Amino acid sequence: MFIIGERINGMFKDVAKAIKDKDESVIQELAEKQTACGANSLDVNVGPASSNPKEAMEWLVKTIGKVTDISLTIDTTKQDVMEAGLGLCKSKPIINSVNANEEKMKNLFSLAKKYNASIIGLTMDKAGIPKDSEGRLELAIKLVASCMEHGMDTSELYIDAVILPVNVAQPHAKEVLKTIRDAKVLADPAPKTVLGLSNVSQSAPAGHKSLINRTFLAMAISSGLDAAILDVTDKELMDSLITAELLMEKQLYCDSYLDAYRKK
Ligand code: THG
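Residues numbered from 1 in each chain as written. Predicted model: local features only at pLDDT ≥ 70, side-chain atom pairs only at ≥ 80, totals over all residues. Heavy atoms only, no water.

Draft legend 1. Region of interest: the nonpolar core. If you look at the biggest cluster of nonpolar residues, it comprises 69 residues, and the most contacted ones within it are Leu-72, Ile-95, Ile-119, Phe-216, Leu-217 and Leu-230. What Leu-230 contacts, discounting residues up to four positions off in sequence, is Ile-3, Ile-4, Gly-5, Glu-6, Leu-197, Leu-217, Leu-237, Met-238 and Leu-241. Residues Ile-120, Tyr-158, Val-194 and Ala-227 belong to the second largest nonpolar core, which totals 9 residues. (Core = buried A, V, L, I, M, F, W, Y, C linked by side-chain atoms within 4.5 Å. Buried < 20%, exposed > 50% of the residue type's maximum accessible area, 1.4 Å probe, protein only. Contact = heavy atoms within 4.5 Å.)

Here it is as structure tokens:
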């Protein structure tokens, strides 16, 4: 599983405050902690309230780059903010994200080529997020086609079937799992699949969030999920992740597998 740490996101109060105060240490500690917990890449999102998102993205990417060369997943819907972030990355970045609108795909697949970036494609368009897997797969096909038209390897595309909070959109979870299973056959090499996992438990009671996250992650891994944006500091979630991978024969079994993984 390719693990993307979710925590450097202005949706969290401490990150929003650090951006406002230009407090490097808060961001650098989050970068180092997530890397130590097993992140392969770090999501970087300036958050909804940023007054100057381009400047904020540049500051975040530079600040993280002072302490680690880890891959960054640049999370923004704004093209100028995306390009500003990509231009400052020290290793191969991930574009988060493009949706299935023609104009967006043209712009963002071109950026992916220019910066040698992988790209996350959301199964949504101007009409929103389809309610079933058939609708999501139709949009996944558009994303795969655009990826090919731009001469990009389809294994560089991560299809995100977009999980919604279970407390308001309960029927979606099983449709997302079906989309993950079926997305594999859309191209050769197969596109990869990714989820923003914590969406599923958003606004659920605090005591339930971690349980909902780790249960859905195990289900998604059994459906073939390749990558996830998640809370790498949640130990129970990470234990579920490695155990689900073990049961899917993605990790080698030994009696002390949890200890072995935690020491990595
Ligand atoms: N797909 C892609 N990118 C994404 C998402 C996705 N990026 C953003 C988001 N979704 C993934 N990141 C988060 C980060 C935090 C939470 C959810 C998704 C979250 N936070 C808690 C909450 O809102 O209840 C706590 C917030 C707080 O403490 O202030 O749930 O789907 N490609």
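Draft legend 2. Structural view of the state of the cysteines. Evaluation of the coordinates by the stated rule reveals 0 disulfides. Cysteine Cys-147 shares no disulfide, and the gap to the nearest cysteine sulfur, in Cys-89, comes to 19 Å. (Disulfide = S-S within 2.5 Å.)

Draft legend 3. Broad picture of the layout of surface pockets. Put simply, the largest pocket is a space of about 1,200 Å³. What lines the largest pocket is a set of 42 residues, and nearest its centre among them are Asn-9, Met-11, Asn-45, Asp-75 and Asn-199. Taken together, the elements giving at least two residues each to the lining of the largest pocket come down to strand 1 (2-9), strand 2 (41-45), helix 4 (79-86), strand 4 (94-98), helix 5 (102-114) and helix 8 (206-222). Here the lining of the largest pocket is built from residues that sort into 14 nonpolar, 17 polar and 11 charged. (1 Å grid on protein atoms, 1.4 Å probe; cavity = no way out; pocket = protein on both sides within 12 Å on 5 of 7 lines; lining within 4 Å. Points joined across faces, edges and corners; volume = space filled by probe spheres on them. Helix = DSSP H or I, 4+ residues; strand = E, 2+ residues; numbered from the N terminus. Nonpolar A, V, L, I, M, F, W, Y, C, P; charged D, E, K, R; others polar.)

Draft legend 4. Broad picture of unusual backbone geometry. Here the bond from Asn-96 into Ser-97 is cis, since omega is 20°, no more than 30 degrees from zero. Counting through the fold element by element, Ser-97 comes out in strand 4. The omega angle of the peptide bond from Asp-188 to Pro-189 is 5°, so this bond is cis rather than trans. Locating Pro-189 in the fold gives a position in the loop between helix 7 (172-183) and strand 7 (192-196). Unlike most non-glycine residues, Val-162 shows phi in positive territory, near 55°. Counting through the fold element by element, Val-162 comes out in the loop between strand 6 (157-160) and helix 7.

Draft legend 5. How the structure looks around the packing of helix 6 (residues 133-149) against helix 7. Contact geometry of helix 6 with helix 7 gives a least axis separation of 9 Å together with a crossing angle of 40°. Regarding the angle of helix 6 to helix 7, the classification is oblique. In this structure, the crossing between helix 6 and helix 7 has a hand that is right-handed. Of the residues in helix 7, those touching helix 6 at Ser-133, Arg-136 and Leu-137 are His-172, Glu-175, Val-176, Lys-178, Thr-179, Asp-182 and Ala-183. For the contact of helix 6 with helix 7, the per-class residue count stands at 3 nonpolar, 3 polar and 4 charged. (Axes fitted to C-alpha atoms, helices over the stretch in contact; angles between N-to-C directions. Parallel < 35°, antiparallel > 145°, perpendicular 65-115°, else oblique. Left-handed = near helix turned anticlockwise from the far one by under 90°.)

Draft legend 6. Up close: the site of the ligand. Close to the ligand lie 14 residues, the nearest being Asp-75, Asn-96, Asp-160, Asn-199 and Lys-209. Between the ligand and the protein, one listed contact pairs a nitrogen atom with a side-chain N or O atom of Asp-75 at 2.8 Å. For the ligand, the accessible surface in isolation is 670 Å², of which the surrounding protein chains cover 78%. Placement of the ligand is best described as lying within the largest pocket. (Near = heavy atom within 4 Å. Polar contact = N/O pair within 3.5 Å; in protein donor to acceptor, adjacent residues only side chain to side chain. Areas by Shrake-Rupley, 256 points an atom, 1.4 Å probe, with all protein chains shown as cover. Sits in = over half its atoms within 2 Å of the grid points.)

Draft legend 7. Examining the environment of Ala-112 more closely. By the secondary structure assignment, Ala-112 is in helix 5. Sequence separation between Ala-112 and Glu-102 is 10 residues, and the spatial gap between their C-alpha atoms is 15 Å. Leaving out residues up to four positions away in the same chain, Ala-112 has contacts with Ile-95, Ala-117, Ile-119 and Met-152.

Draft legend 8. Just helix 2 (residues 24-36), in detail. Taking 1.5 Å per residue as the helical rise, helix 2 with its 13 residues ought to reach 18 Å, and the 18 Å between its terminal C-alpha atoms agrees with that figure. For helix 2, the full list of buried residues reads Ile-27, Gln-28, Leu-30, Ala-31 and Gln-34. Around the axis of helix 2, the buried residues are gathered within 155° of arc, so they sit on the same side. Seen from the open side of helix 2, the exposed residues pointing more than 90 degrees away from its buried face are Glu-29 and Ala-36. As for helix 2, its buried residues are in contact with strand 1, helix 1 (13-21), strand 2 and helix 3 (53-65). Positioned one or two residues after helix 2, Gly-38 has a phi angle of 110°, which is positive. (Expected span 1.5 Å × (residues − 1). Arc of directions from axis to C-beta.)

Draft legend 9. The packing of helix 3 against helix 4, seen in detail. With their axes 9 Å apart at the nearest point, helix 3 and helix 4 run at an angle of 20° to one another. Comparing the axis directions of helix 3 and helix 4 gives the class roughly parallel. As helix 3 packs across helix 4, the resulting crossing turns out to be right-handed. Residues Pro-53, Lys-54, Met-57, Glu-58 and Val-61 of helix 3 form the contact with helix 4, whose participating residues are Asp-80, Val-81, Ala-84 and Gly-85.

In short, shape yes, function no, at least from these values alone.
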